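Commentary on secondary and tertiary structure
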Amino acid sequence: MSEPAGASIANVMQETRVFPPPAEFSASSPIGSMEAYQALYDRAKADPEAFWAEYARNELHWFTPFTQTLDWKPPFAKWFVGGKTNASYNCLDRHLNGPNRHKAAIIWEGEPGDERTLTYLQLHREVCKFANVLKGQGIKEGDVVSIYMPLVPELAIAMLACARIGAVHSVIFGGFSAEAIADRNNDAKSKLIITADGGWRRGKLLPLKETVDTALAKSPTVEKCIVFQRVGSKPPMTPGRDLWWHELMEQASAECEATPLDSEAPLFILYTSGSTGKPKGIRHTTAGYNLYVKKTFEWVFEPRPEDVYWCTADCGWITGHSYVVYGPLSSGTTVMMYEGAPNWPAEDRFWAIVEKHRVNILYTAPTAIRSFIKWGDHHVDKHDLSSLRLLGTVGEGINPEAWIWYHRKIGGERCPIVDTWWQTETGGIMMSPLPGATPTKPGSCTKPLPGVFPIILDAQRNPVTTPNQGGWLCIEKPWPGMLRGIWGDDDRYIEQYWSRAPGMYLTGDNARVDDDGYYWIMGRIDDVINVAGHRLSTIEIESALVSHPQVAEAAAVGKPDEVKGQAVTVFVTLKEGEPTPDTKESLKQHVRKEIGALAAPDDIHFAAALPKTRSGKIMRRLLRDIAAGKETVQDTSTLEDYSVLAKLRGDEE
Ligand code: PRX
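Scope of this entry: the structure provided in the associated data block.

Reading the values: the criteria
Counting from 1, residues in each chain are numbered in the order their sequence is written. Reporting of local features is limited, given that this is a predicted model, to residues whose pLDDT is at least 70; pairs of side-chain atoms are given and counted only at 80 or more, and all residues count toward the totals for whole chains, interfaces and linings. Calculated side-chain values reflect all of the structure's heavy atoms, with hydrogen atoms and water omitted. Secondary structure follows DSSP: runs of H or I at least 4 residues long count as helices, runs of E at least 2 residues long count as strands, and numbering of each begins at the N terminus. Radius of gyration here is computed from C-alpha atoms only, and the compact-globule reference equals 2.2 Å multiplied by the residue count raised to the power 0.38. We call a residue buried when its accessible area falls under 20% of the maximum for its residue type, exposed when it is over 50%, and partly exposed in between, using a 1.4 Å probe and counting protein chains only. The contact definition used throughout considers only heavy atoms, calling two residues in contact when any of these lie within 4.5 Å. Here the open area of atoms and residues is found with the Shrake-Rupley method and a 1.4 Å probe, where only the protein chains shown may cover a residue. The charged-residue count follows a simple rule in which Lys and Arg add positive charge and Asp and Glu add negative charge, with His and chain termini not counted at all. For the purpose of locating charges, the reference atoms are NZ of Lys, CZ of Arg, CG of Asp and CD of Glu. A cutoff of 4 Å decides nearness: a residue is near a molecule or strand if any of its heavy atoms lies inside that distance of it. Under the rule applied, a polar contact is a pair of N or O atoms within 3.5 Å (in protein, one hydrogen donor and one hydrogen acceptor; residues adjacent in sequence only if both atoms are side-chain atoms). Put simply, Ala, Val, Leu, Ile, Met, Phe, Trp, Tyr, Cys and Pro go in the nonpolar bin, Asp, Glu, Lys and Arg in the charged bin, and everything else, Gly too, in the polar bin. Think of a nonpolar core as a cluster: buried Ala, Val, Leu, Ile, Met, Phe, Trp, Tyr and Cys residues, connected wherever their side-chain atoms sit within 4.5 Å. Here, strands pair whenever DSSP counts at least two bridges between them. By convention a crossover is right-handed if, when the strands point away from the viewer, the path from the first strand over the helix to the second runs clockwise. The length a helix should cover is 1.5 Å for every residue beyond the first. In this analysis, axes come from line fits to C-alpha atoms, helices being fitted only over the stretch in contact, and the angle between any two N-to-C directions falls in the range 0 to 180 degrees.

Here we take up the overall build of the protein. Of regular secondary structure, the protein possesses 20 helices and 30 strands. Against the globule reference of 26 Å for 653 residues, the protein gives a C-alpha radius of gyration of 24 Å, in line with a compact fold. Its C-alpha atoms give the protein principal-axis dimensions of roughly 75 × 65 × 55 Å. Here the protein holds 653 residues, and 62% of them are scored as buried. Put simply, 72% of the contacts in the protein that link residues at least 6 apart link residues at least 24 apart. With an accessible surface of roughly 24000 Å², the protein has 51% of that area assigned to carbon and sulfur atoms. Taken together, the 70 basic and 82 acidic charged side chains of the protein have centroids lying 2 Å from each other.

The following block contains the structure:
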């Protein structure tokens, strides 16, 4: 991490508007007032282990009860030790003997407009069959299975089938490149990959299987590839390796008992960007994660039995894992799923879906909201959004103006907005308003959930006690949904999260607490940028760039962007010669190939040299200012060569 805590964290937001929860919401809420929230928070604080143990006993199915709530050998936590449970059982089987048996579990809409609904019973059947398919291919407890699919119900089926037999899934977002897939397969030593012949995005066919073929040429551990037929393209199939999903499913039995799994059996790996080039495989385990996403889902979204809940995230991200699949299904909620782009065939697609399926709860990203604002209110006005009762945001801070638009235009001024702060590593939501209790302030994720104990540290690692003073956001005590490590790399886990603020989990975010005890997230403290709610490491992008034959050196920084939050700006020094008109496009294509389209730079600046400290470190903060077109206010006393800076400024584009 490059910058000291507290340094130059200016509090630029002066947001004073407060929105109390609507009275009728509070009246029917399980936690209907700040007093009720505080009482629950205090109960958790008085004895966190007893607090979680009680929920765990009541809300998960146990094949074998646990004997110890928490085994905490910092920074390694084990929750609900000695117990055996199964996340697929908790999401499916538990609902089969009650009123949810024939309730819709997933209502799915494909981008071309095709629709499918799977009840809990039907989903259970598909999951059991696919679990048998996996077994038939030799997949056993502890084996890693990669999943690279469009957002179709089969993606959730594949995840739950892995969970059912104790295989560890590693979902790779469908926008990643072949290189990125191969890296993840190799790091996790994945044995099998599940993909589709393609997916739809803005009317175009994404050739997922072809991308997987390229990846598999460099993934020696992957023995089999199961291909779901989504678009009817006819990708080449490698005999002996590639198998059609539908052919295997025809043969599969629908009987498959869920395997009783140790509480700490790994449930999944999800790769995310850190402050070094190599993506980290964040490891989550079974019982603690399952309980945490179920409880936080229920606290934050207060689903009613008749609700249709729509989280617009793809299952390739943690939000899709926790709040499309494991949280809502554990709680017996009906989940809306949509495969495609929000602007296909037109910019009103989301609102058409809300109207048609009478969506009650909508959970989306600020970047999407900013796009909707840009596209214009007339797209919203065409549709009846009166079914909505609760709105949520996740992935990055929401600027107050976007918050107000969401509140007025989408929520009709009647829906509370839950701005949920959390991370891939935290497994589930850590801070958020509770819709019936917490008065909201646009741009603040408000207060920690019960059982979450945040603290802010100053540059000397002392707790910040002055309101509104920014510092490192840390979490003081373990919680059930926390990551258990980085796949295969305990040292990196310790170094990354537990070494700078000893004894506490370092989130990597800066934050401040206002006079009312409300938290405001102030961005990252490391070299991670957040593009359209997706985490990218600047170093990953730089490594991709320098693998281009013409590039000598590269620096990537985030630049403020009206829609995406941050856009990727790169500064590049070529090995020799001047850039030609094609060089920029060639570099963009190269990053697309190495990482994926989401990392492709928006701006490329060529420079004869990059500004460096005398010790050779690239001065990113300086570059950030230049990218944003700001006058540099940074201390440049360590800059090696002043003329570099002048040239960069005069030489943009
Ligand atoms: O910087 C914070 C930002 O996104 C980071 C986590 O990214 P990721 O692991 O990809 O997970 C995203 C979905 C949970 C955080 O460290 N972030 C996420 N939610 C918020 C946020 N920043 C401000 N407000 C939020 N509500």
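That shown, we press on.
Residues of helix α17 (residues 538-546) that are buried: T538, E540, I541, E542, A544 and L545. The elements touched by buried residues of α17 are β26 (528-531), β27 (534-537), β28 (551-561), β29 (565-574), α18 (583-594) and α19 (620-627).

With that settled, the discussion passes to the environment of V359. Relative to the elements of secondary structure, V359 occurs in the loop between α12 (349-357) and β18 (361-364). On the basis of relative accessible area, V359 is assigned to the buried category, the value being 0%. C-alpha separation for the pair V359 and L134, spaced 225 residues apart in sequence, amounts to 34 Å.

With that settled, the discussion passes to the site of the ligand. In the region of the ligand, 17 residues are neighbours, and D419, T420, T424, D509 and R535 sit closest. Contact distances for the ligand include 2.8 Å between an oxygen atom and a side-chain N or O atom of D509. Compared with its free state, where it exposes 540 Å², the ligand has 94% of that area covered by protein. Of all the secondary-structure elements, those providing two or more residues to the shell around the ligand are α11 (318-330), β20 (417-420) and β25 (519-524). Its residues assigned to classes, the shell around the ligand comprises 5 nonpolar, 7 polar and 5 charged.

Looking now at the nonpolar core. In this structure, F130, F301 and Y326 are the most contacted members of the largest nonpolar core, which totals 155 residues. For F130, the residues in contact, after removing those within four places along its chain, are I157, A158, A161, I194, I226, W245 and M249. Counting 29 residues, the second-largest nonpolar core is a separate cluster that includes F19, W351, L391 and Y406.

Buried residues dominate strand β24 (residues 505-513), accounting for 8 of its 9 residues. Across 4 bridges, the pairing between strand β22 (residues 471-475) and β24 is antiparallel. Residue pairing for β24: W472 is matched across the bridge by N510. Bridge count for β24 against β25 is 4 bridges, and the pairing is antiparallel. Following the sheet pairing, A511 is matched in β25 by I521. Two successive antiparallel strands, β24 and β25, enclose a turn made up of 5 residues, where G517 displays a positive phi of approximately 80°.

Next up on the list: the environment of Y497. Its location among the elements puts Y497 in helix α16 (residues 490-498). Among the residues examined, Y497 registers a relative accessible area of 3% and is labelled buried.

Attention now moves to the pairing of strand β30 (residues 603-606). What you see with β30 is no split at all: D603 and H605 on one side and I604 and F606 on the other are buried throughout. Bridge analysis of β29 against β30 gives 4 bridges, and the strand direction is parallel. For V570, the partnering residue across the bridge sits in β30 and is I604. For the crossover from β29 across α18 to β30, the handedness is right-handed.

Here we come to helix α3 (residues 48-59). Across its 12 residues, α3 extends 16 Å between first and last C-alpha, which sits within 8% of the 16 Å expected from 1.5 Å per residue. The set of residues buried in α3 consists of P48, F51, W52, A53, Y55, A56 and E59. Close packing links the buried residues of α3 with α2 (34-46), β1 (68-73), β2 (76-81) and α10 (287-301).

Looking now at the sheet that holds strand β8 (residues 192-196). Spatial ordering of the open sheet is given by β12-β11-β8-β6-β7-β14-β15-β23, a layout of 8 strands whose pairing is mixed. Since the sheet does not close on itself, it has two edges, and those belong to β12 (242-244) and β23 (485-486), each with one partner. Bridging between strand β14 (residues 266-272) and strand β15 (residues 280-285) involves 6 bridges; their strand directions are antiparallel. Within β15, the position partnered with L270 by the bridge is I282.

Here 7 strands make up an open sheet; going across it, the order is β5-β4-β17-β16-β18-β19-β20 and the pairing mixed. Since the sheet does not close on itself, it has two edges, and those belong to β5 (115-119) and β20, each with one partner. Strand-to-strand twist in this sheet, taken as the mean axis angle between neighbours without regard to direction, amounts to 20°. As paired strands, β18 and strand β19 (residues 390-394) are joined by 4 bridges and run parallel to one another.

Right, let's get into unusual backbone geometry. A cis amide bond links P74 to the next residue, P75, at an omega of 0°. You can see P75 is positioned in the loop between β1 and β2. The phi dihedral of E302 falls on the positive side, at around 40°, and the residue is not glycine. Residue placement: E302 occurs in the loop between α10 and β16 (308-311). Positive phi values are uncommon outside glycine, yet T446 reaches one of about 65°. One can find T446 in the loop between β20 and β21 (454-457).

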